[in-house]
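Here is how the chains run, residue by residue.
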Amino acid sequence: MKRVTGIGGVFFKCENPATVLEWYNKHLGISPVGIGTVFEWREKEDPGRIGHSVLAFFDKDNEYFLPGKKEFMLNYRVEEIETLIEQLRSEGVEIAEGIETYDYGKFAWIIDPEGNKIELWEPNDMEFRKANGLKD
């Protein structure tokens, strides 16, 4: 079983997320989608399949990163999230929250040895595209 298959996203806390997003758009050409942007790419083993990675900016007081202790959080794309969480639990990894399921994928959270909250995402890329208004 593969564990991590790629980067699903990078999330940062900011003093003013809208200003930061505007700066990224103006100076780096990163087009806004929601609270950040979405990067599209093709799967190496299946070039017909489109994948996504997200860059998102959260308000500095947002509690989504808790119990993590940092101002950022990584999201990793994974396969078979239920099996992976059970494997990680058996290895003594701290599981922060249970698995949550949405149309666009399943999510779970773990904590690394430095107290960083890590989001795991088993994506449903087609539904993700629909949810974010991305065109084929």
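Structural notes, computed from the coordinates. This structure is a prediction, so every number in the text was calculated from the model and none was measured.

## A closer look at the pattern of salt bridges
Consideration 1: In the structure shown here, the tally under the stated rule is ten salt bridges.
Consideration 2: When the shortest N-O distance is used, the salt bridge between Arg77 and Glu43 registers 3.7 Å. In this pair, Arg77 is assigned in strand β4 (residues 72-78) and Glu43 in the loop between β2 (36-42) and β3 (50-59), connecting sequence segments 34 residues apart.
Consideration 3: You can call Arg77 buried: its relative accessible area is 2%.
Consideration 4: Judged by relative accessible area, which is 18%, Glu43 ranks as buried.
Consideration 5: Note that Lys130 and Glu127 form a salt bridge whose closest N and O atoms lie 3.2 Å from each other. Within this pair, Lys130 and its partner Glu127 are both found in helix α3 (residues 125-131), separated by three residues, close to a single helical turn.
Consideration 6: Looking at Glu127, the relative accessible area reads 24%, which means it is partly exposed.
Consideration 7: What emerges from the salt-bridge pattern is a single network uniting Glu43, Arg49, Arg77 and Asp125.

## Regarding the side chain of Glu119
Consideration 1: If you trace the backbone, Glu119 turns up in strand β7 (residues 117-123).
Consideration 2: Side chain to side chain, Glu119 and Asn75 meet in a polar contact 2.7 Å long.
Consideration 3: For Glu119, the residues in contact, after removing those within four places along its chain, are Phe11, Tyr64, Met73, Leu74, Asn75, Tyr76, Phe107, Ala108 and Trp109.

## Topic: a negative patch on the surface
Consideration 1: Negative charge collects at one region of the surface, where Glu45, Asp46, Glu79 and Glu80 lie side by side.
Consideration 2: For Glu79, the location among the structural elements is in the loop between β4 and α2 (81-90).

## A short note on the packing of aromatic side chains
Consideration 1: As enumerated under the stated definition, the model contains twelve aromatic pairs in all.
Consideration 2: Ring centres 6.0 Å apart and planes at 5 degrees place the aromatic pair Phe107 and Trp121 in the stacked group. Residue Phe107 is located in strand β6 (residues 105-111), and its partner Trp121 is located in strand β7; the two are separated by 14 residues in the primary sequence. Residue Phe107 shares its accessibility class with Trp121, and that shared class is buried.

## Some words on the sheet that holds β6
Consideration 1: Taken together, the seven strands give an open sheet; going across it, the order is β2-β3-β1-β4-β7-β6-β5, and neighbouring strands pair in mixed fashion. Bordering the open sheet on either side are β2 and β5 (94-102), each of which pairs with just one other strand. Each neighbouring strand pair of the sheet contributes to a mean axis angle of 20 degrees, computed without reference to strand direction.
Consideration 2: Of the pairings in the sheet, the one linking β6 to β7 comprises seven bridges and is antiparallel in character. Looking at the pairing, Phe107 lines up with Trp121 of β7.

## What about helix α1 (residues 17-28)?
Consideration 1: Between its first and last C-alpha atoms α1 spans 16 Å; for twelve residues at 1.5 Å apiece the expected length is 16 Å, and the two agree.
Consideration 2: Once α1 ends, the next one or two residues include Gly29, with phi positive near 70 degrees.

Reading the values: rules and limits
- Residues numbered from 1 in each chain as written.
- Predicted model: local features only at pLDDT ≥ 70, side-chain atom pairs only at ≥ 80, totals over all residues.
- Heavy atoms only, no water.
- Salt bridge = Lys/Arg side-chain N within 4 Å of Asp/Glu carboxyl O.
- Helix = DSSP H or I, 4+ residues; strand = E, 2+ residues; numbered from the N terminus.
- Buried < 20%, exposed > 50% of the residue type's maximum accessible area, 1.4 Å probe, protein only.
- Polar contact = N/O pair within 3.5 Å; in protein donor to acceptor, adjacent residues only side chain to side chain.
- Contact = heavy atoms within 4.5 Å.
- Patch = residues over 30% accessible without salt bridge, like charges linked within 9 Å, V, L, I, M, F, W, Y side chains within 5 Å.
- Areas by Shrake-Rupley, 256 points an atom, 1.4 Å probe, with all protein chains shown as cover.
- Lys, Arg positive; Asp, Glu negative; His and termini not counted.
- Charge placed at Lys NZ, Arg CZ, Asp CG, Glu CD.
- Phe/Tyr/Trp six-rings, centres within 6.5 Å; stacked < 30°, edge-to-face > 60°.
- Pairing = 2+ DSSP bridges.
- Axes fitted to C-alpha atoms, helices over the stretch in contact; angles between N-to-C directions.
- Expected span 1.5 Å × (residues − 1).

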